[in-house]
Amino acid sequence: MGREPVVPDYDGAAVNNVVPALLGQWDESPAWLPDAAVDADQVVLLVLDGLGWEQLQERRHRAPVMGGMDGGAICTVAPSTTACALTSIATGRSPGEHGVVGYRMVVNGSVLNVLRWSTPSGDARERVPPAGIQAHEPFGGERPPVVTRAEFAHSGFTMAHLAQTRLTPYRMASTLVTEVRRLLGSGEPFVYAYYEGIDKVAHEYGLAEHYDAELEAADRLVADLAETLPAGAALVVTSDHGQVHVGDNVITPTPDLLRHVRMQSGEARFRWLHAHPGREAELLEAATELHGDTGWVRSRDQIAEERWLGPLTPEAAGRLGDVALVAREPVAYEDPDDSGPYHLIGRHGSLTEAEMLVPLLATRA
């Protein structure tokens, strides 16, 4: 893996600029926008959760449809995680601007799991109103149809990053295609669609045969969507992040580090450590000494100065920890409070090329 972090250019070829470019909010089409997407009569933007550019390039023979599309690689946001990136895609803003700064972030002294919109006390939709966390209008204030999983339709995260859009729920991949076809047929100029299968499979099975099979299935989904396009319409495909096969390479922070830590947030490849008051310098020193061999260790001030998350509002800065452990090697940093229904084999969140580079592809009918 690269020895330096991939820091996004939030003014250039990054996922936060895809929707503004497609909706004509730029004075002219940027050079990184695929030609097939320029001046299309109708546009379908499909986000394939978890599909990194490197993983796609290594398996081009398994994805001939996407392999034959126009386009290349762009950068996702930091941290390279779904909560941050989907919000950036929808709002056109960096994480430091929209305020969704991680999968798990500190809000009002408690750790909010953004995708579940829960704290240790349970469902947080009433205690932590989504609009109070992320108030920027998605899609430049337009209200396009959003084709997403039915089970996501009323989640706190959906309310935070897709408020005021016209949600069109689907149950299976086949009904995703059916809904997109119906919307295009009714004349919708822009349709946003989201499919999470690649990410789910990578998390549970890693980047082996199950991943290959799911990539093939996703490529068939792209083919089916391309066949629905009326003349002059374009299908644009991108993603929110790539993946790293971590497996059992999980590092448990030592007592020498944890004695400085009062809580943790973030996720396993971008772990925020929140220091006991007055121990910020000691925590940074200990983290660098103990974990600098596997990750990039940065203070909150360093990350702000290097603009990893873009310009930081005071609200966004207040949701960060004091020190970040950001995995450079294929490892994960454990936090016992960060758990799920199964052991994660594929992971993301860090600033390696495998996680930060995502495809931006297009085809025109």
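Right, let's walk through the structure included here. Predicted, not measured: the structure shown is a model, and the values here were computed from it. (Residues numbered from 1 in each chain as written. Predicted model: local features only at pLDDT ≥ 70, side-chain atom pairs only at ≥ 80, totals over all residues. Heavy atoms only, no water.)

**Concerning the packing of aromatic side chains**
Both the distance between ring centres and the angle between the ring planes are used here to describe each pair of aromatic rings.
Okay, step 1: With the rule as written, the count across this model stands at 6 aromatic pairs.
Okay, step 2: Between Phe152 and Tyr194 the ring centres are 6.3 Å apart and the planes differ by 55°, which places this aromatic pair in the tilted class. Residue Phe152 is located in the loop between β7 (145–149) and α7 (156–161), and its partner Tyr194 is located in strand β9 (residues 190–195); the two are separated by 42 residues in the primary sequence.
Okay, step 3: Taking the relative accessible area as the measure of exposure, Tyr194 reaches 8% and is therefore buried. (Phe/Tyr/Trp six-rings, centres within 6.5 Å; stacked < 30°, edge-to-face > 60°. Helix = DSSP H or I, 4+ residues; strand = E, 2+ residues; numbered from the N terminus. Buried < 20%, exposed > 50% of the residue type's maximum accessible area, 1.4 Å probe, protein only.)

**Here we look at helix α8 (residues 173–185)**
Okay, step 1: With 13 residues, α8 extends 19 Å from end C-alpha to end C-alpha; this agrees with the ideal 18 Å at 1.5 Å per step.
Okay, step 2: All of the buried residues in α8 are Leu176, Val177, Glu179, Val180, Leu183 and Leu184. Mapping the buried residues of α8 onto a view down its axis gives an arc of 165°, with all of them on the same face. Of the residues in α8, the exposed ones pointing more than 90 degrees away from the buried face are Ser174 and Gly185. (Expected span 1.5 Å × (residues − 1). Arc of directions from axis to C-beta.)

**Some details on helix α10 (residues 209–228)**
Okay, step 1: Taking 1.5 Å of rise per residue, the 20 residues of α10 would be expected to cover 28 Å, and the 29 Å separating its terminal C-alpha atoms lies within 8% of that figure.
Okay, step 2: Burial in α10 covers these residues: Tyr211, Asp212, Glu214, Leu215, Ala218, Asp219, Leu221, Val222, Ala223, Leu225 and Thr228.

**With respect to the sheet that holds β7**
Okay, step 1: One open sheet holds the 7 strands; their spatial order is β2-β19-β10-β1-β9-β7-β8, and the pairing between them is mixed. Two strands bound the open sheet, and with one partner strand each, they are β2 (70–75) and β8 (166–170). Each adjacent strand pair in this sheet contributes to an overall mean axis angle of 20°, direction not counted.
Okay, step 2: The pairing of strand β1 (residues 42–48) with β9 spans 6 bridges and is parallel. Paired with Leu46 across the two strands is Ala193, which belongs to β9. (Pairing = 2+ DSSP bridges. Axes fitted to C-alpha atoms, helices over the stretch in contact; angles between N-to-C directions.)

**Regarding the environment of His348**
Okay, step 1: Within the fold, His348 resides in the loop between β18 (346–347) and α15 (353–356).
Okay, step 2: Overall, the relative accessible area of 6% leaves His348 in the buried class.
Okay, step 3: Counting along the chain gives 165 residues from His348 to Leu183, while the straight-line C-alpha distance between them is 33 Å.
Okay, step 4: Filtering out sequence-adjacent residues up to four positions away, His348 remains in contact with Ser80, Thr81, Thr82, Asp199, His203, His241, Gly242, Gln243, Glu267, Arg269 and Glu355.
Okay, step 5: Within the local environment of His348, its side chain forms a polar contact with the side chain of His203, the two groups lying 3.2 Å apart.
Okay, step 6: Within the structure, the side chain of His348 is placed 3.3 Å from the side chain of His241, a separation counted as a polar contact. (Contact = heavy atoms within 4.5 Å. Polar contact = N/O pair within 3.5 Å; in protein donor to acceptor, adjacent residues only side chain to side chain.)

**Quick notes on the sheet that holds strand β14 (residues 270–275)**
The strands that make up a sheet pair up through hydrogen bonds in the backbone, lying either parallel or antiparallel.
Okay, step 1: The antiparallel open sheet is built from 4 strands, whose spatial order is β13-β14-β16-β15. What marks the edges here is a single partner per strand, and that holds for β13 (261–267) and β15 (295–299). Across the sheet, the axes of successive neighbouring strands diverge by a mean angle of 20°, strand direction being ignored.
Okay, step 2: One ladder, built from 5 bridges, connects β15 with strand β16 (residues 323–327); its direction is antiparallel. The partner of Trp296 across the bridge, within β16, is Val326.
Okay, step 3: Its contacts with the sheet put helix α12 (residues 280–291) on β13, β14, β15 and β16, and the angle it makes with β15 is roughly 170°.

**Comments concerning the nonpolar core**
Okay, step 1: With 61 residues, the main nonpolar core has Leu22, Leu45, Trp117, Phe139, Phe190, Tyr192 and Trp308 as its most contacted residues.
Okay, step 2: Broken down by element, this core gets its largest block of residues, 6 residues, from helix α4 (residues 82–91).
Okay, step 3: Each residue touching Tyr192, except ones within four places of it in the same chain, is listed here: Leu45, Val47, Leu86, Ile89, Phe139, Pro145, Val146 and Val147.
Okay, step 4: Ala63, Val177, Leu184 and Leu225 belong to the second-largest nonpolar core, a separate cluster that totals 33 residues. (Core = buried A, V, L, I, M, F, W, Y, C linked by side-chain atoms within 4.5 Å.)

**Some thoughts on the packing of helix α9 (residues 197–205) against α10**
Okay, step 1: Running from amino to carboxyl end, α9 crosses α10 at an angle of 175°, the nearest separation of the two axes being 9 Å. One way to sum up the angle between α9 and α10 is to call them roughly antiparallel. The segment α9 lies against α10, with Gly197, Ile198, Val201, Ala202 and Tyr205 engaging His210, Tyr211, Glu214, Leu215 and Ala218.
Okay, step 2: The residue inventory of the contact of α9 with α10, partitioned by class, reads 7 nonpolar, 2 polar and 1 charged. (Parallel < 35°, antiparallel > 145°, perpendicular 65-115°, else oblique. Nonpolar A, V, L, I, M, F, W, Y, C, P; charged D, E, K, R; others polar.)

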